[in-house]
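Next come the chains, spelled out residue by residue.
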Amino acid sequence: MAMRQTPLTCSGHTRPVVDLAFSGITPYGYFLISACKDGKPMLRQGDTGDWIGTFLGHKGAVWGATLNKEATKAATAAADFTAKVWDAVTGDEILSLAHKHIVKSVNFTQDSNYLLTGGHDKVLRIYDLSKPEAEPQEISGHTSAIKKALWCNNDKQILTAADDKTVRLWDRSSMEVLKTLSFDASVSSMEYIPDGEVLVISYGKTVAFYNALSLELIKMVDAPASVHSASLHPEKDFFVVGGDDFKLYKYDYSTKEELESYKGHFGPVHCVRFSPDGELYASGSEDGTLRLWQTAVGKTYGLWKCVLPEELVSENSDALYSTAPEIKA
């Protein structure tokens, strides 16, 4: 009898979940932040999905959310023309950074001292968080809204994806474009893996993997439906894909073979990310929920408990392992 994937459902949001991010592994475990059109980003325990708190202060849809590695700071990008920095321990707002248009992306440097933002006004901004009153550095070049902006190469370079159907690599000190990738469709998601310098890009029905320094193509895979998001396992064993058809697909990274597909959401999947330990991946959807999925189905981890057949009390039980199917947050 095959093991059955039982995702953990994290409710609490009232509108579509459009972005999510994990912290690094801290002495207290790892954490998960979600961005939602309800304007109320939420912090959760990463391995269980348990709700910790909600960051209150935005006056519009939140399009982007991130945590620093230590999970002490959070940042959010919103339709109220602001990016906000939060104390992720107390939930207090530390800074509100005014922009000229909708903000879509926020990303901390590794030392948490600088914040990179991007959005509809097509300009990249670098804020020195120790000098919040100072004007940010501004980098122009994209001709349409910036969807994602990420630090890379030990924060010496910046990767951006925009609605002008390009991905660009920038030098932080000269603020010049080093390389540009052009696509035949708008890029729907971008993930940067520092270990091995891998860039994961999705556009149309395609997931493509590039070297993040040279922007040379490593491999590409076509999915069955339009892809909104893709994430590569930390050990680069697997990658997962979510999109228009409500499903999550798991592929073998080396062979590009589809291994599994699961339907759990009741709307398109907008974002998917592996946890920092690679044991699970989280998905966020139009249906307003986040779901946590096991990478290795049947393993005892977090709230999942593997029960061997001989341990089952009742022989007619149809479950090989038990789990808490719902987390009410």
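Residues numbered from 1 in each chain as written. Predicted model: local features only at pLDDT ≥ 70, side-chain atom pairs only at ≥ 80, totals over all residues. Heavy atoms only, no water.

Colleague: For this particular structure, what's the right way to read the overall build of the protein chain?
Modeller: Of the regular secondary structure elements, the protein chain holds zero helices and 31 strands. Its C-alpha atoms give the protein chain a radius of gyration of 19 Å, within 12% of the compact-globule value 20 Å for 329 residues. Dimensions of the protein chain, computed from C-alpha atoms along their principal axes, come out at roughly 65 × 45 × 35 Å. Looking at the protein chain as a whole, 57% of its 329 residues are labelled buried. Counting every atom, the protein chain has about 13,700 Å² of accessible surface; 51% of that belongs to carbon and sulfur. Across the protein chain, the centroid of the 33 positively charged side chains sits 5 Å from that of the 43 negatively charged ones. (Helix = DSSP H or I, 4+ residues; strand = E, 2+ residues; numbered from the N terminus. Rg over C-alpha atoms; globule rule 2.2 N^0.38 Å. Buried < 20%, exposed > 50% of the residue type's maximum accessible area, 1.4 Å probe, protein only. Areas by Shrake-Rupley, 256 points an atom, 1.4 Å probe, with all protein chains shown as cover. Lys, Arg positive; Asp, Glu negative; His and termini not counted. Charge placed at Lys NZ, Arg CZ, Asp CG, Glu CD.)

Colleague: How should the nonpolar core be read in this particular structure?
Modeller: Soluble globular proteins: nonpolar side chains tend toward being buried together. Counting residues in each nonpolar core, the largest one holds 18 residues, and the members touching the most others are Leu-159, Val-167, Phe-183, Met-190, Leu-199 and Ile-201. Elements that contribute at least two residues to this core include exactly strand 14 (146–152), strand 15 (157–162), strand 16 (166–171), strand 18 (187–193), strand 19 (198–203) and strand 20 (206–211). The contact partners of Leu-159, leaving out residues within four places of it in the chain, are Lys-148, Ala-149, Leu-150, Cys-152, Arg-168, Leu-169, Met-190, Tyr-192, Leu-199, Ala-212 and Leu-215. (Core = buried A, V, L, I, M, F, W, Y, C linked by side-chain atoms within 4.5 Å. Contact = heavy atoms within 4.5 Å.)

Colleague: Help me understand the pairing of strand 19 in this model?
Modeller: Within a regular strand, side chains alternate between the sheet's two faces. Within strand 19, six of the six residues are buried, which leaves the element mostly enclosed by the surrounding structure. Burial along strand 19 is two-sided: Val-198, Val-200 and Ser-202 facing one way and Leu-199, Ile-201 and Tyr-203 facing the other are all buried. Pairing geometry for strand 18 and strand 19, over six bridges, is antiparallel. When the bridges of strand 19 are listed, Ser-189 appears paired with Ser-202. From the end of strand 18 to the start of strand 19, which pair antiparallel, there are four residues, and Gly-196 there has a positive phi angle of about 95°. In the sheet, strand 19 pairs with strand 20 via six bridges, with the strands oriented antiparallel. Looking across to strand 20, one finds that Tyr-203 is bridged to Thr-206. Taking the residues between adjacent antiparallel strands as the criterion, strand 19 and strand 20 are bridged by two residues, where Gly-204 takes a positive phi near 55°. (Pairing = 2+ DSSP bridges.)

Colleague: What is the right way to read the sheet that holds strand 11 (residues 114–119) from this model?
Modeller: By definition, the strands of a sheet pair up through backbone hydrogen bonds, in either a parallel or an antiparallel sense. Within the open sheet, the four strands sit side by side as 10-11-12-13. Their pairing is antiparallel. What marks the edges here is a single partner per strand, and that holds for strand 10 (103–108) and strand 13 (137–139). Going across the sheet, the axis of each strand differs from the next one's by a mean of 20°, ignoring polarity. Where strand 11 and strand 12 (residues 124–128) come together, four bridges link them in antiparallel fashion. (Axes fitted to C-alpha atoms, helices over the stretch in contact; angles between N-to-C directions.)

Colleague: Just to check I follow, could you spell out the sheet that holds strand 8 (residues 82–87) for this structure?
Modeller: Read across the sheet, four strands follow the order 6-7-8-9 without closing on themselves; strand pairing throughout is antiparallel. Strands at the two margins of the open sheet, each flanked by one partner only, are strand 6 (62–67) and strand 9 (93–98). Taking the axes of each pair of neighbouring strands and ignoring which way they run, one obtains an average angle of 15° across the sheet. Both strand 8 and strand 9 contribute to a ladder of five bridges, which runs antiparallel. Looking at the pairing, Trp-86 lines up with Glu-93 of strand 9.

Colleague: What should I look at first to understand the side chain of Arg-168 in this one?
Modeller: Secondary-structure assignment places Arg-168 in strand 16. Side-chain polar atoms of Arg-168 contact the side chain of His-142, separated by 3.2 Å. In this view, Arg-168 contacts Gly-141, His-142, Thr-143, Ile-158, Leu-159, Thr-160, Val-177, Lys-179 and Thr-180; residues no more than four positions away in its chain are not counted. (Polar contact = N/O pair within 3.5 Å; in protein donor to acceptor, adjacent residues only side chain to side chain.)

Colleague: It is not clear to me how unusual backbone geometry should be interpreted in this structure. Could you clarify?
Modeller: Positive phi values are uncommon outside glycine, yet Ser-112 reaches one of about 65°. With a phi close to 60°, Lys-236 is a non-glycine residue in the positive phi region. Structurally, Lys-236 is set in the loop between strand 22 (227–232) and strand 23 (238–243).

The values are spatial; any link to function lies outside them.
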